[in-house]
Amino acid sequence: MSDDQRDQNPTEPAAQAEPAAQAPGPTGPEPEPIPFFGTTWVNHDGGYALRRAGAAIGSLVTAVAAALLLRLSYEGLEIGNVGPFLSISVVVLFAIASAIAFVKTWDSFSRRPAPSSDEAALKGLKVIGFIGSLIAYFLRCLAEAPGEKLRRAEYERALADFARRRSSRTGNPAARRPKRKK
């Protein structure tokens, strides 16, 4: 028997009985994972602080690299002698797109977009202003995992609702006496 086959076929009967020993009932709501953080935001465990620091540094480094790339692109326009109107237009376009992307990204950390919102229409603008999104992500990582506050409020509300539903159940409904007729 190879090692792989031994790993798949445990010889101890206790290892086989463990999954059956768990309660079949619901265990409660599960927290929603955050990209790069998973569910470590719930208890701030599993390297949460390192992940936050890594995400902050990564987004800042990416934003700086993107700014340098845009600077090289602007210098290419200057070398190409395209004229002041186009050069200024490109700078203004990226500045406005970055500002809008920053605001939309920052708002997305505190509230969910409405299903009929204009978020889909602004995706292209957010792609152009990606530096604004990266800066918003960096700034939010300094305080918490991006979107943690929103997900924590939703998770705590779901836990409270689950506890309320579980506590209102008393006994076996099949064992109740029928209501008396008047």
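Since we're looking at a predicted model, the values are computed, not measured.

Chemist: Can you walk me through helix α3 (residues 48–79) in this structure?
Modeler: Helical geometry note: an α-helix holds 3.6 residues per turn, so side chains three or four residues apart project in the same direction. With 32 residues, α3 extends 46 Å from end C-alpha to end C-alpha; this agrees with the ideal 46 Å at 1.5 Å per step. What α3 keeps buried is the set Tyr48, Arg52, Ala55, Ala56, Ser59, Ala63 and Ala66. Lining the buried residues of α3 we find α6 (130–143) and α7 (148–167). Taken from the residues just after α3, asparagine 81 is the one with a positive phi, measuring 55 degrees.

Chemist: What am I meant to see in the packing of aromatic side chains here?
Modeler: Aromatic rings considered in pairs are described by the distance between their centres and by the relative angle of their planes. Tallied over the entire structure, the rule returns 6 aromatic pairs. Here the aromatic rings of tryptophan 41 and tyrosine 155 are separated by 6.2 Å at their centres, their planes lie at 80 degrees, and the arrangement is edge-to-face. Of this pair, tryptophan 41 sits in the loop between α2 (13–21) and α3 while tyrosine 155 sits in helix α7; the two residues are 114 residues apart in sequence, bridging distant segments of the chain. Both residues of the pair, tryptophan 41 and tyrosine 155, belong to the buried class. Look at tryptophan 106 and phenylalanine 109: their rings are 6.4 Å apart centre to centre, the planes differ by 70 degrees, and that puts the pair in the edge-to-face class. Tryptophan 106 gets classed as partly exposed once you look at its relative accessible area, which sits at 31%. The side chain of arginine 140 reaches across the aromatic face of tryptophan 106, ending 4.5 Å from its centre.

Chemist: Would you explain the nonpolar core in this entry?
Modeler: One recurring pattern in soluble globular proteins is that nonpolar side chains are buried together. Ranked by size, the top nonpolar core spans 14 residues in total, and within it Phe37, Trp41 and Tyr137 carry the most contacts. The set of elements that each furnish at least two residues to this core consists of α3 and α6. Setting aside anything within four residues of it in sequence, one finds tyrosine 137 in contact with Pro35, Phe36, Phe37, Ala55, Ser59, Phe109 and Pro146.

Chemist: What is the right way to look at α7 in this model?
Modeler: Counted at 1.5 Å a residue, the expected span for α7 with its 20 residues is 28 Å, and the 28 Å between its end C-alpha atoms agrees. Of all the residues in α7, the buried ones are Glu148, Leu150, Arg151, Tyr155 and Phe162. Along the long axis of α7, the arc covered by the buried residues comes to 160 degrees, so they all point the same way. Turned more than 90 degrees from where α7 packs its buried face, Lys149, Arg164 and Ser167 sit exposed.

Chemist: Just checking my understanding: could you explain the pattern of salt bridges for this structure?
Modeler: Side-chain pairs of opposite charge can arise whenever the charged atoms involved come near each other. Under the counting rule described, the total for this entry stands at 8 salt bridges. With a closest N to O distance of 2.9 Å, glutamate 148 and arginine 152 form a salt bridge. Remark: arginine 152 and glutamate 148 occur in helix α7; sequence separation between them is 4 residues, near one turn of the helix. For glutamate 148, a relative accessible area of 4% corresponds to the buried category. Note that arginine 164 and aspartate 161 form a salt bridge whose closest N and O atoms lie 2.9 Å from each other. With a gap of 3 residues between them, arginine 164 and aspartate 161 both fall in helix α7, about one helical turn apart. Judged by relative accessible area, arginine 164 falls into the exposed class, the value being 52%. Bridged by salt links that share partners, the residues Glu32, Arg112, Arg151 and Glu154 form one connected network.

Chemist: Hey, could you run me through the confidence of the model for the chain in this one?
Modeler: Interpretation of this model should avoid reading the predicted coordinates in detail wherever pLDDT is low. On average, the chain scores 82 in pLDDT, and the residues at 70 or more come to 80%. Segment residues 12–21: pLDDT under 50, and 2 contacts once partners within four positions in sequence are set aside and those in other chains are kept.

Chemist: Help me out: how do you make sense of the packing of α3 against helix α4 (residues 84–108) in this one?
Modeler: Two quantities define a packed helix pair, namely the angle between the axes and the distance from one axis to the other. One can describe the packing of α3 onto α4 by two numbers: an axis separation of 10 Å at closest approach and a directional angle of 160 degrees. Regarding the angle of α3 to α4, the classification is roughly antiparallel. Classified by chirality, the crossing of α4 by α3 is right-handed. Side by side, α3 and α4 meet where Leu70, Tyr74, Leu77 and Glu78 of the first sit next to Ser87, Val90, Val91 and Phe94 of the second. A breakdown of the residues in the contact of α3 with α4 according to their chemical character gives 6 nonpolar, 1 polar and 1 charged.

Here is what the cut-offs are and how they apply
Residues numbered from 1 in each chain as written. Predicted model: local features only at pLDDT ≥ 70, side-chain atom pairs only at ≥ 80, totals over all residues. Heavy atoms only, no water. Helix = DSSP H or I, 4+ residues; strand = E, 2+ residues; numbered from the N terminus. Expected span 1.5 Å × (residues − 1). Buried < 20%, exposed > 50% of the residue type's maximum accessible area, 1.4 Å probe, protein only. Contact = heavy atoms within 4.5 Å. Phe/Tyr/Trp six-rings, centres within 6.5 Å; stacked < 30°, edge-to-face > 60°. Lys NZ or Arg CZ within 6 Å of the ring centre and 35° of its normal. Core = buried A, V, L, I, M, F, W, Y, C linked by side-chain atoms within 4.5 Å. Arc of directions from axis to C-beta. Salt bridge = Lys/Arg side-chain N within 4 Å of Asp/Glu carboxyl O. pLDDT = per-residue confidence, 0-100. Axes fitted to C-alpha atoms, helices over the stretch in contact; angles between N-to-C directions. Parallel < 35°, antiparallel > 145°, perpendicular 65-115°, else oblique. Left-handed = near helix turned anticlockwise from the far one by under 90°. Nonpolar A, V, L, I, M, F, W, Y, C, P; charged D, E, K, R; others polar.

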